[in-house]
Structure formats: structure tokens, C-alpha cells
Amino acid sequence: MTCLLAVALLMSVQSAHAEDGYDLWLRYRSLPATVLPAYRALARGVLAPAETATQRAARDELLRGLEGLLDQGPERLDAVKAGGAIVVGTPASSPDIATLKLPLEGLGREGYLIRSAKIDGHAAIVVAANDDIGTLYGVFHLLRLLQTTQLSQTLAVRERPDLQLRVLDHWDNLDRSVERGYAGQSLWDWQKLPDWLDPRYTDYARANASIGINGAVLNNVNASAQSLTPQYLAKAAALARVMRPYGIRIYLSARFSAPMEIGGLTTADPLDPQVRRWWRDKVSAIYRAIPDFGGLLVKANSEGQPGPQDYGRSHADGANMLADALAPHHGVVMWRAFVYAHEDAGDRAKQAYDEFVPLDGEFRRNVLLQVKNGPIDFQPREPFHPLFGAMPRTPLMMEFQITKEYLGFATHLVYLGPLYQETLRADTYAQGRGSTVARVIDGSLQQAGISGMAGVANVGSDRNWTGSQFDQANWYVFGRMAWNPMADARQVADDWVRMTFSNAPQVVQPVVSMMMRSREAAVDYMTPLGLAHLMGRGHHYGPAPWDAGSERPDWDPVYYHRADARGIGFDRTASGSNAVAQYAAPVARRFADLSQVPEQYLLWFHHLPWDYRMRSGQTLWAALVQRYGHGVDEVKAMRATWASLSGQIDPQRHDEVAAFLAIQQREAMWWRDACVAYFQSLSQRPLPPGEPAPSHPLSYYTSLSFPFAPGNTQ
Ligand code: BDP
């Protein structure tokens, strides 16, 4: 009996601490004994107003965090009575903060200070801002300092975001399927909204606020007009109410033909007065339901979506019509630059630039052009998009993909921090050296209009939110880099590992280093040396470099690698498509010149013979095979590292990650074998010494099919 009771007790304790990943980086588990006494003294109690919903969110988060981290309930103070008070507020909400006369100017609404201070002679930690939302962000920052054991007696943090709009784009459909989603169904339970508000909505908002994300586009860019009907606007309004205290604005994707589909009009021509009136009325109705609505995101005339060009109008005509409807309400249009048409026989990589550069200066002030990081489509590696720096009179907003459509879905461990960093720090030379992409999007280089960054979300209804434990890091790093585009990927990974797994150096160091290598590993086992888009057509699961003959050539891998018996690669120099000329002269020269082009972009810009001599002296063929093998070796190494951490990480998450790494290793091998077998069938070269033959003949790989691969909702 006693024994049974003990087992029952143990089980309940275990389930209370279930480590299924739901808590994300906000786990707030007890801190190491080495810092606990000092931290308890520094953070004895909380003095924070709780009049507004945002103030309550900040105070509750702080209490919740301290209770977990310090392993004891903090005091809720009503005055600073002794040392160890955490004082939170704005000059308006807190007399103590008002008395301190802190230098809050220049911090805007969202910035904050965290300082060690003396109040009535007592040591205190102050979290101060101009507005409640700034204090909420400050509280999350303070909690991060505790979680990562960086709290000290002399705090001097001053933060404000570099970008104004920090937005998650959900590619969620109204039937709850998620385009390119690998984490279960959509979070938004449209059927039960607006009456039932799943508590997850609040946890989603907390997670976003903790990393400074201040916007969410609720529905897929391949939009259904239904999302703009009164029925769905009421549901969106309910979500907006949940997210408002956390500083998150709701946006919607708009289908350009909505006036016809749900408005009964016979045209969606943006210059037609009736169409314009329809949008003005629709936007007013949205603002009646959601007074702080953020604006509309539009994918137009791309991949079959309707748009202004259907009526002979330009992208600027389309965007400006919506901008005019939104302007009186201070809403924005995020108009996507991801446009390409298969009727255009030219290089797909050139189309967005050709389309939009002539329109520079023609957009209203409340339009942002949302540009993917690279000129094709979220590949494991692409050079930066040539539009960055090429439209000095238009605010360009970055679009990254957080969900790993082209990087192994949820089961491959690929940390995207290095990918984001590589793009943001790339030098466009638009105004000479130092014209980084980060400076283009933050407005400091060219124009100081609205600024922003969007990330295609990877969250869904899975318990762990993102489909895997490590994909949480990609949501996290996106938020941190949207706040500060110059944030360091390694430093962010370090914070994330400490908050998510452990502060123990024997965990932090190896896990961070494996994360930092993981993206390069995926590039190597999928698309090394500048190759791109070799994934299976449609679903994008696994290798299919042989794929050809689809309804649109620019969806076929053979379009991208152009391999034959003589060589491989896409000639984008003057002898080919000349896409390279879309970059500023110093960049174009470097990419076009074989002696200067970074090896990582070699086959992106050049078509070369198999026996081309690499800088290492190897032939291109040998280097290609070796890169593929190296990618697989890196995954083996990650797996061994992770295995060595067993016992240092809770078994539930350790087992899940270990199982996923086994999948990744198998699939990395599959990628390597299939690509090597296929390219060898063209190159007719022997494998370099020491390189194993693929496990199966090419016909085996080409015979595989995956009709139910996830995320393919079209
Ligand atoms: C592609 C995706 C497709 C999206 C498209 C987009 O395969 O599902 O609709 O991007 O960004 O990468 O619009």
C-alpha cells in the first residue's frame, strides 16, 4: 500500500514537471544552487502596478517567473521597504519611477531601462519605460537575465527595437490546415471562436511578447476571401482581444479578388471606384471590430493568385488602393515582392527585381514591400535578394521563413540564426561599403519610413508548439533578430539553450556549437556549393534533383541545377541570365568573377564543367561529392554529441531529440546518396577515393513517392 502510494506520488510529481516542451523558453525552473541565495536577496519582492491589462501581464509574469526560478513565492510589495525590491512601471504608473527621473527619452513606446538603483536608501532593481508595453518587454528581459544567470548588482540595460513591425505570418487556412506547417493543425480554432478562447492563445501571446514580436498575420497569404466576412472578423477580433495586452496587433492576408468573391462586384480592378469604395467600407468594418488592427498582407499576381495585373494595373496601383483605405485608420499594407510568372521564360531569380525597381517611389507612405531573404524561395542558402538596396524610396520589409519547408521540416535539427545573420549582415554596397541588408531594412541607410521584419511562423497545435524541441529556437531567434537585426546568432542560441535546457556549461557549450554548425550541415547534405531547389516537387520533402516536366519549369529541380554530361550550375553572369547585374557593381563583380565568388554561391552564379578546378585543387565533381558526405558526417557528430548529454537533460525531451536526430541522419544519407547517384549518372565520373557508393541504384530513389507529405495544402 505504502509502496503504491509512493509510486502514485512520484508519478504525480513527474507529470507536474512533464517536459514536453510546452513551456518553451519560459520554463522558469529552479536556478542552480550557486546563484540562488544571491538572487533571492536581489529579488525579494515585486512592486508593480496592476491597473491595466498590460500592467497585470507584466506583474503576473514577473511573479510567476520569480516563484519558479527562486523556488519560493516572492512578496507582492506596496512600498520599497528593504533591499531586494523589483520596481516596475512608467513615470505615470509608478511614483517611485517618476521620482527617479530616469533618462527615458528616445526609448519610444516599446523601449525600456533596467537599472540597479537606490530607492529610499534601499537597493532596488528598476524596470522602467514610457509605456506599459515597454515595461512588459523589460520584465521579460529581466527574467532572461535571471534565467541565464546574468543578474548582477549593477544592471544598466537600455533597449529599444530597431524595427517597428516584428510580425509572424501564419500560413494558416480556415480549415485549420497549415501551408508548410509541420507542427500539427493551426492554433486558431476558428470553429469555436469567438466564444471559446483556448488558453493557448494567451501563452502564444506571452511567448511572442517575451521576444518582442508585436504582430501576427492570422491567415495564409494564399488567402481565402472568407476571412474578411463579418463572421470571421468577429473571430479575429476575439483573438485581437487576447493579444492586445501583450502588445500584439492582428493583421490579415487579403485576397485581391475579395470584392468579387464576397462583395458581389464584377471586377476587382484597383482603379474602379466601386472596388475602391468596397475596400474602404471593408476596412472601416474591420476597424470597428478591431480598433488597433495592424493592416493587410497581400500576395498578388504570384503563383496563380489574383492581383492588379489581371486588370492591366501595376503592383503600385493595387497596393496604393489598399493603402488609401487603411491610411485614415493608421493601418499598413505589406505587399509581397515574391512574384514570378511561368509565362516569363527568363530567369525566375530576376523577376521580382525587374517588376518592382521601376515602381520605386510610387508607393504610398503606409506601404511596405515585403521581400524574401533571397531571390528564389527560402532555400537552405541563397545570396541576399538584389532588391535590398535597390529601392531607396520604398520601405523594404524582410521576410524570413521560420518553418523549415526547405530545411528538413520539423525533424531535422537546423538552427536558422546563422542563415538570418548571413542575410542581415550581407553588404549590398547600395551606398558604398557597410550598406548592410540590416541597414536597408531598419531605414538607417536610405529612407526612414516604416520598418519591419516578418517570419513565416512554425507554430501549430503540437504540444511543443513547433513540431520539435529545437525548432523553438528558430521562433526565438527570429524574434530577437527582428528586435535587433545585428543580434549575434551564437549569443541568442546561448540564451535559448540556458532558458530551454540548462545553464550547465557541459550542456550549453556543446549544444550551442552543434546548433551553430547545423545549418551548414543541411546546406551540405541537400544543396552544397550554391545549388538550390533540389527538393521533391510540390511537397518539398526529400531529394528529387531528377524531377522535370511539371506544368511550370521553374518548379522543377532540373531548372535550377542545369546539370548534364558536361557540367552543372546556373549561369547568371553576362554569358547567361545576367541576374548578377541586379546587384550593386562591387557585389556583381565579385559574384561574377570565378576567382572571387564565395564558394558557397559558386553554382548559383556559374555553370561549370565537372572537371573545373576548385581553389582547393580538387575537381568540382570531387568537391561536390565530398560536401555531400561532409553534411552527413556533421549530422553523425550532432547525434553523438546529443547522445553524450543523456542524463543531463530530462529524458522526455532527450529521447525525442535523439529520435529526430536518427531520422535526420537517415534522411541526410538519403539526400547524399540520391544526389550523388543522380549527378554521377550525368557526370559519368568515378566516385573520389574513400567515398562510398550510394546504398541503392538511382532507380530506387526516383521511384519513391510521398503523396501524404505534410504541409502541402494546395
Ligand atoms: C513557397 C511555398 C508556397 C508559398 C509560397 C509563398 O512553397 O507554399 O505559398 O512560397 O511564399 O515557398 O507565397
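Residues numbered from 1 in each chain as written. Predicted model: local features only at pLDDT ≥ 70, side-chain atom pairs only at ≥ 80, totals over all residues. Heavy atoms only, no water.

**Considerations on the site of the ligand**
Of all residues adjacent to the ligand, which total 14 residues, the nearest are E179, K299, R336, D377 and E405. In the model, an oxygen atom of the ligand is placed 3.0 Å from a nitrogen or oxygen of the N222 side chain. Protein contact buries 97% of the 320 Å² of open area that the ligand shows by itself. Per-class residue counts for the shell around the ligand are four nonpolar, two polar and eight charged. (Near = heavy atom within 4 Å. Polar contact = N/O pair within 3.5 Å; in protein donor to acceptor, adjacent residues only side chain to side chain. Areas by Shrake-Rupley, 256 points an atom, 1.4 Å probe, with all protein chains shown as cover. Nonpolar A, V, L, I, M, F, W, Y, C, P; charged D, E, K, R; others polar.)

**Some thoughts on the pairing of strand 5 (residues 122-128)**
Among the seven residues that make up strand 5, five are buried, leaving the element largely enclosed by the rest of the structure. Judged from the five bridges that link them, strand 3 (residues 85-89) and strand 5 form a sheet pairing that is parallel. Within the sheet, the bridge partner assigned to V87 lies in strand 5 and is V126. Both strand 4 (residues 112-119) and strand 5 contribute to a ladder of seven bridges, which runs antiparallel. By the bridge assignment, R115 is partnered in strand 5 with V126. Counted along the chain from strand 4 to the antiparallel partner strand 5, the turn is two residues long, and its residue D120 has a positive phi close to 50 degrees. (Buried < 20%, exposed > 50% of the residue type's maximum accessible area, 1.4 Å probe, protein only. Helix = DSSP H or I, 4+ residues; strand = E, 2+ residues; numbered from the N terminus. Pairing = 2+ DSSP bridges.)

**Quick notes on the side chain of K404**
Take K404: it is sitting in the loop between strand 13 (396-401) and helix 12 (417-424). Classification of K404 as buried rests on a relative accessible area of 2%. Among the polar contacts made by the side chain of K404, one reaches the main-chain carbonyl oxygen of H412 at a distance of 3.0 Å. Apart from residues no more than four positions distant in its own chain, K404 is found in contact with Y182, F409, A410, H412, V414, L416, D471 and N474. (Contact = heavy atoms within 4.5 Å.)

**Examining the environment of P273**
Among the structural elements, P273 can be located in helix 9 (residues 273-289). For P273, a relative accessible area of 56% corresponds to the exposed category. Separated by 375 residues in sequence, P273 and Q648 place their C-alpha atoms 66 Å apart.

**So, the packing of aromatic side chains**
Counted by the stated rule, this structure contains 38 aromatic pairs. A ring pair is formed by Y182 and F409, whose centres lie 4.0 Å apart and whose planes are at 15 degrees; its orientation type is stacked. A residue pair is termed long-range when its members are at least 10 positions apart, and Y182 in the loop between strand 7 (165-169) and helix 6 (199-210) and F409 in the loop between strand 13 and helix 12 qualify at 227 residues. Aromatic side chains Y559 and F570 sit 5.9 Å apart centroid to centroid with 70 degrees between the ring planes, which places their arrangement in the edge-to-face category. In this pair, Y559 sits in helix 17 (residues 557-561) while F570 sits in the loop between strand 15 (567-568) and helix 18 (585-592), placing the two residues eleven residues apart along the sequence. F570 gets classed as buried once you look at its relative accessible area, which sits at 4%. In this structure, R348 is placed above the aromatic ring of Y340, and the distance from its NZ or CZ to the ring centre is 3.7 Å. Over the ring of F570 we find R562, and its NZ or CZ is 3.9 Å from the ring centre. (Phe/Tyr/Trp six-rings, centres within 6.5 Å; stacked < 30°, edge-to-face > 60°. Lys NZ or Arg CZ within 6 Å of the ring centre and 35° of its normal.)

**Focus: the sheet that holds strand 1 (residues 45-47)**
Two pairing modes exist for strands in a sheet, parallel and antiparallel, and in both the strands are linked by backbone hydrogen bonds. Strand order in the open sheet made by the six strands is 2-1-3-5-4-6, with mixed pairing throughout. Pairing within the sheet leaves two strands with one partner each, and these edge strands are strand 2 (75-76) and strand 6 (156-159). Contacting strand 1, strand 2 and strand 3, helix 3 (residues 53-70) runs over the sheet at an angle of about 175 degrees to strand 1. Packing against the sheet, helix 5 (residues 132-147) makes contact with strand 3, strand 4, strand 5 and strand 6, and its axis sits at approximately 75 degrees to strand 4. (Axes fitted to C-alpha atoms, helices over the stretch in contact; angles between N-to-C directions.)

**Looking at unusual backbone geometry**
Backbone torsion omega between L193 and P194 reads 0 degrees, so that peptide bond is classified as cis. At H533, a residue that is not glycine, the phi angle is positive and equals roughly 60 degrees. With respect to the helices and strands, the residue H533 is situated in the loop between helix 16 (505-526) and helix 17. Assessed through its relative accessible area of 3%, H533 is described here as buried. A positive phi angle, close to 60 degrees, is found at Q684, a residue other than glycine. Within the fold, Q684 resides in the loop between helix 21 (651-683) and helix 22 (698-703).

**Notes on the domain arrangement of the protein chain**
By domain assignment, the protein chain separates into domain 1 (23-159), domain 2 (165-490) and domain 3 (524-570 + 607-703). Look at where the C-alpha atoms of domain 2 and domain 3 centre, and you get two points 31 Å apart. With 26 residues of domain 2 in contact, the opposing surface of domain 3 contributes 27 residues. Both sides of the domain 2 and domain 3 interface together cover about 2,200 Å² of buried area, and 57% of this is carbon and sulfur. Taken together, the connections running from domain 2 to domain 3 amount to zero salt bridges. Inspection of the region where domain 2 meets domain 3 yields 14 residue pairs in polar contact (both at pLDDT 80 or more). Of the residues in the side of domain 2 that touches domain 3, the class split is eleven nonpolar, ten polar and five charged. (Domains from an automatic or database assignment. Buried area = accessible area lost by both parts, 1.4 Å probe. Salt bridge = Lys/Arg side-chain N within 4 Å of Asp/Glu carboxyl O.)

**Brief notes about the sheet that holds strand 11 (residues 332-336)**
The parallel closed barrel is built from eight strands, whose spatial order is 7-8-9-10-11-12-13-14. Strand-to-strand, the axes of this sheet are offset by a mean angle of 25 degrees, without reference to chain direction. Relative to strand 11, strand 10 (residues 295-298) is paired through four bridges, and the arrangement is parallel. Across the sheet, L297 pairs through a bridge with M334, a residue of strand 11. Helix-sheet contacts for helix 10 (residues 315-326) involve strand 10, strand 11 and strand 12 (367-372), and the interaxial angle to strand 11 is about 160 degrees.

**Remarks on the pattern of salt bridges**
This model, assessed by the stated rule, comprises 42 salt bridges. Its salt-bridge partner being E19, residue R653 comes within 3.7 Å of it at the nearest N-O pair. One end of the pair, R653, is in helix 21; the other, E19, is in the loop between helix 1 (2-16) and helix 2 (36-42), and 634 residues separate them in sequence. Taken as a pair, R653 and E19 share a single burial class, namely buried. A single salt-bridge network, built from bridges that share partners, covers E19, D23, R27, R29, D650 and R653.

**Side note on helix 18**
When we look at burial in helix 18, the residues that qualify are V587, A588 and F591. Take helix 18 and look down its axis: the buried residues cluster within an arc of 100 degrees, on one side only. (Arc of directions from axis to C-beta.)

**Topic: the packing of helix 14 (residues 472-483) against helix 15 (residues 489-500)**
Two elements in contact, helix 14 and helix 15, have axes separated by 10 Å at closest approach and are oriented at 130 degrees. By the angle between their directions, the pair helix 14 and helix 15 is classed as oblique. The crossing of helix 14 and helix 15 is right-handed. In contact with Q472, A473, Y476, V477, R480 and M481 of helix 14, helix 15 contributes A489, V492, D495, W496, M499 and T500. By residue class, the composition of the contact of helix 14 with helix 15 is eight nonpolar, two polar and two charged. (Parallel < 35°, antiparallel > 145°, perpendicular 65-115°, else oblique. Left-handed = near helix turned anticlockwise from the far one by under 90°.)

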